[in-house]
Amino acid sequence: MIARRGLIGAGLGGLLVAGCDRISGAPAVQDFIGRSEGLTRRAQRTLLAGQPLAREFSAKDISPVFKANGSQTPTSDAYAQLLAGSFAGWRLMVDGLVAAPMSFSLAELKAMPARTQITRHDCVEGWSAIGGWTGVPLAHVLQRTGLHADARYLVFHCADNLGGAGDGGLYYESIDLFDAFHPQTILAYAMNGQALPVAHGAPLRLRVERQLGYKQAKYVMRIEATDRLDRIHGGRGGFWEDRGYAWYAGI
Amino acid sequence: MKREVIRRHRLSVRITHWINVLVVALLLMSGLNIFNAHPALYWGQKGADFDPPWLEMTVANQAGRPAGVTRLAGVSLDTTGVLGFSPGPAGHWLVQGFPNWATFPEHRDLATARRWHFFLAWVLVINATAYWLFGLGNGHLRRDIAPTKADLAPRNLWRSIADHARLKHPVGEAAKRYNVLQKLAYLAVIAVFLPAMVLTGLAMSPGFDAFAPWLVDVFGGRQSARTIHFISASAIVLFVAVHVIEVFLAGPINEIRSMITGRYVVPQEKHR
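(A) Up close: the overall build of chain A. Across its full length, chain A carries seven helices and ten strands. Looking at chain A as a whole, 48% of its 251 residues are labelled buried. For chain A, long-range pairs separated by at least 24 residues make up 68% of all intrachain contacts whose partners lie at least 6 apart in sequence.

Next comes the structure, spelled out in structure tokens:
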């Protein structure tokens, strides 16, 4: 319910930006358009009920140059220090509605069961690139921390300030449990067999195949389990969602 | 001259036609807004800044001035003012694929354009499904659209092509039916190009691809699907252009009225 209200809200936000278009300015129209997003999500989730895997490719299909989009390097001093120390001092915090809040070093994550997948990354802008990702399944980390019965979403808090001034510009993303427990949903620390490059989200990024690029949060610092998204940042579940994009990015 | 009035288009055709006019126009314009987020097209699964596109709209230096350039299969065309570099609001020139006047919303806004595009896609699918169900149920597709053997006879085809080339429109009994080129054009839109739009659109969805990876293969990869989406849309634009020209040549008031109220005055041989 809350997610749906959030989606409709996101619709309102996006359409208000387009203020000069008279048709899209009418509240009834905005509400109506926003509803179709929920329809798309429910339709796709019905088709994906068996949790099929996104297609995996072979090494020869990998893009010679994988375009890095969004933040290329987080600008904060804290991140610069972590980078200078090769992320030895970095820890992933997992908290919120979990049974036991825990933090993990990069070495600890690398010691966990790993999954490697060569997948196609589809940007909301329209381009695609193929890359190989290695990381720990998010489901494994959640089994370690446990989840509160009220948990519905996982929010990924990132180190990059894509929006500029202040904490309001910090990147974040969220997924629900349907995607969180999918076998291809991993916390990746390596790309194409190498340590994850800074431009692609070092030291850790989310891979949630079956959704568009902006869901693949880079520079993940903290994962928060929550029952609702409307109290976090702009309340729409993500940096781009707060700027009018759809929360469900399967299309 | 005796005036013969017939009931030309049934209600289901008239309603779905006008919904389609609105929906396809807005789908096209919101689609161009989405295209402007990455104005380049590729073949295969992947395609981004470092891969060679077969079509690209960009801005380039031309004797010290910026120029809109469209590169099509290796050939560079100067498209300043329309594609790649075009005038925007308040005299500001914009570096973007298609110009503002061709897009919806008018200014570049990927989030809003996507929201409209996917909403309208649902309307298109529902409207097209209604058209097909009514058309199959009431015989419209079989009687009016499906070409007959006589239609497809080479002599008849050739005569229809010659008539179109001379802008000669049928009169009397012949004017009560669609001619063979008309049937083939309508059939191409309702059975090939509009379904292709929906299927290539779905093939671009990472969620749908996990459900039906074979659909991506049918089109030769996700970027190929995006390319075919664009080509199919271009074919529909071409159809609409010819369709509208034909309406005006055949008598716009009579033709448009027949699609609104259904009443159609059968054109007769002109007395000389």
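(B) Representation of unusual backbone geometry. Residue A:Pro203 is bonded to the preceding A:Ala202 through a cis peptide linkage, with omega at 5 degrees. Positionally, A:Pro203 belongs in the loop between strand 8 (194–195) and strand 9 (205–207). Omega for the peptide link from B:Phe104 to B:Pro105 comes to -5 degrees, which places this bond in the cis form. Its place among the elements puts B:Pro105 in the loop between strand 7 (93–94) and helix 2 (110–137). Phi is positive for A:Phe87, close to 60 degrees, though the residue is something other than glycine. Residue position: A:Phe87 is located in the loop between helix 4 (77–84) and strand 1 (91–96).

(C) Quick peek at the interface of chain B and chain A. Contact residues are listed per partner, giving 32 residues for chain B and 43 residues for chain A. Those elements that place two or more of their residues in the side of chain B that touches chain A are helix 2, helix 7 (206–211) and helix 9 (222–250) of chain B. A per-class count over the side of chain B that touches chain A returns 16 nonpolar, seven polar and nine charged.

(D) Structural context of the pairing of strand 4 (residues 65–72) of chain B. Residues and elements named next belong to chain B. In terms of strand pairing, strand 3 (residues 55–62) meets strand 4 through eight bridges, oriented antiparallel. Looking at the pairing, Asn61 lines up with Pro66 of strand 4. The loop that links strand 3 with its antiparallel partner strand 4 comprises two residues; one of these, Ala63, has a positive phi angle of about 55 degrees. Of the strand pairs in this sheet, strand 4 and strand 5 (residues 75–78) are connected by four bridges, and their pairing is antiparallel. Looking across to strand 5, one finds that Leu72 is bridged to Val75. If you look at the hairpin formed by strand 4 and strand 5, you'll find two residues sitting between the two strands, and Ala73 has a positive phi there, around 50 degrees.

(E) Representation of the sheet that holds strand 5 (residues 153–161) of chain A within the structure. All names here are of chain A. If you trace the five strands from one edge of the open sheet to the other, you get 2-1-10-5-6, paired in mixed fashion. What marks the edges here is a single partner per strand, and that holds for strand 2 (102–105) and strand 6 (170–176). The sheet shows a mean angle of 20 degrees between the axes of neighbouring strands, taken without regard to direction. Where strand 5 and strand 6 come together, six bridges link them in antiparallel fashion. Across the sheet, the residue bridging to Leu154 is Ile175, located in strand 6.

(F) Geometry of the nonpolar core. If you look at the biggest cluster of nonpolar residues, it comprises 83 residues, and the most contacted ones within it are A:Leu154, A:Phe156, A:Cys158, A:Leu187, A:Ala188 and A:Val220. Per element, the largest residue contribution to this core is nine residues, and it comes from helix 2 of chain B. The residues contacting A:Cys158, other than those within four sequence positions of it, are A:Leu170, A:Tyr171, A:Tyr172, A:Ala217, A:Lys218, A:Tyr219, A:Val220 and A:Met221. In this structure, A:Phe66, A:Trp127, A:Ala129 and A:Ile130 belong to the second largest nonpolar core, which totals five residues.

(G) Broad picture of the pairing of strand 1 of chain A. All names here are of chain A. Burial along strand 1 is one-sided: the residues Leu92, Val94 and Gly96 are buried and none of Arg91, Met93 and Asp95 is. Here strand 1 pairs with strand 2 via four bridges, running antiparallel. Note on strand 2: the bridge partner recorded for Leu92 is Phe104. Hairpin connection of strand 1 to strand 2: five residues between the antiparallel strands.

(H) Region of the structure containing the packing of helix 1 (residues 11–35) of chain B against helix 2 of chain B. Residues and elements named next belong to chain B. Between helix 1 and helix 2, the least distance of the axes is 8 Å, while the angle of their chain directions is 155 degrees. If you check the angle between helix 1 and helix 2, you find them roughly antiparallel. Crossing handedness for the pair helix 1 and helix 2: left-handed. For the contact of helix 1 with helix 2, the per-class residue count stands at 15 nonpolar, eight polar and one charged.

(I) A look at the environment of B:His9. Residue placement: B:His9 occurs in the loop between strand 1 (5–7) and helix 1. For the pair B:His9 and B:Asp209, spaced 200 residues apart in the sequence, the C-alpha separation amounts to 39 Å.

(J) Expanded view of the sheet that holds strand 5 of chain B. In space, the four strands of this open sheet follow the order 2-3-4-5 (chain B), with antiparallel pairing throughout. The open sheet terminates on both sides in strands that have one partner only, identified here as strand 2 (40–41) and strand 5 of chain B.

(K) The arrangement of helix 9 of chain B in detail. Helix length check: helix 9 of chain B, at 29 residues, gives a terminal C-alpha distance of 42 Å against a target of 42 Å (1.5 Å per residue), a fit within 8%. Listing the buried residues of helix 9 of chain B in full gives B:Arg222, B:Gln223, B:Ser224, B:Ala225, B:Arg226, B:Thr227, B:Ile228, B:His229, B:Ser232, B:Ala233 and B:Ile236. In this structure, the buried residues of helix 9 of chain B make contact with strand 3 (115–122) and strand 4 (128–137) of chain A together with helix 1, strand 2, helix 6 (180–203) and helix 8 (213–219) of chain B.

(L) How the structure looks around the confidence of the model for chain A. Model confidence for chain A is summarised by a mean pLDDT of 91, while 89% of its residues fall at 70 or above. Counting interchain partners and residues more than four positions distant, the pLDDT-below-50 stretch residues 1–20 of chain A has 48 contacts.

Criteria and thresholds
Residues numbered from 1 in each chain as written. Chains lettered and ligands numbered in written order. Predicted model: local features only at pLDDT ≥ 70, side-chain atom pairs only at ≥ 80, totals over all residues. Helix = DSSP H or I, 4+ residues; strand = E, 2+ residues; numbered from the N terminus. Buried ≥ 20, exposed ≤ 12 C-beta atoms within 10 Å, placed from the backbone. Contact = placed C-beta atoms within 7 Å. Nonpolar A, V, L, I, M, F, W, Y, C, P; charged D, E, K, R; others polar. Pairing = 2+ DSSP bridges. Axes fitted to C-alpha atoms, helices over the stretch in contact; angles between N-to-C directions. Core = buried A, V, L, I, M, F, W, Y, C linked by C-beta atoms within 7 Å. Parallel < 35°, antiparallel > 145°, perpendicular 65-115°, else oblique. Left-handed = near helix turned anticlockwise from the far one by under 90°. Expected span 1.5 Å × (residues − 1). pLDDT = per-residue confidence, 0-100.

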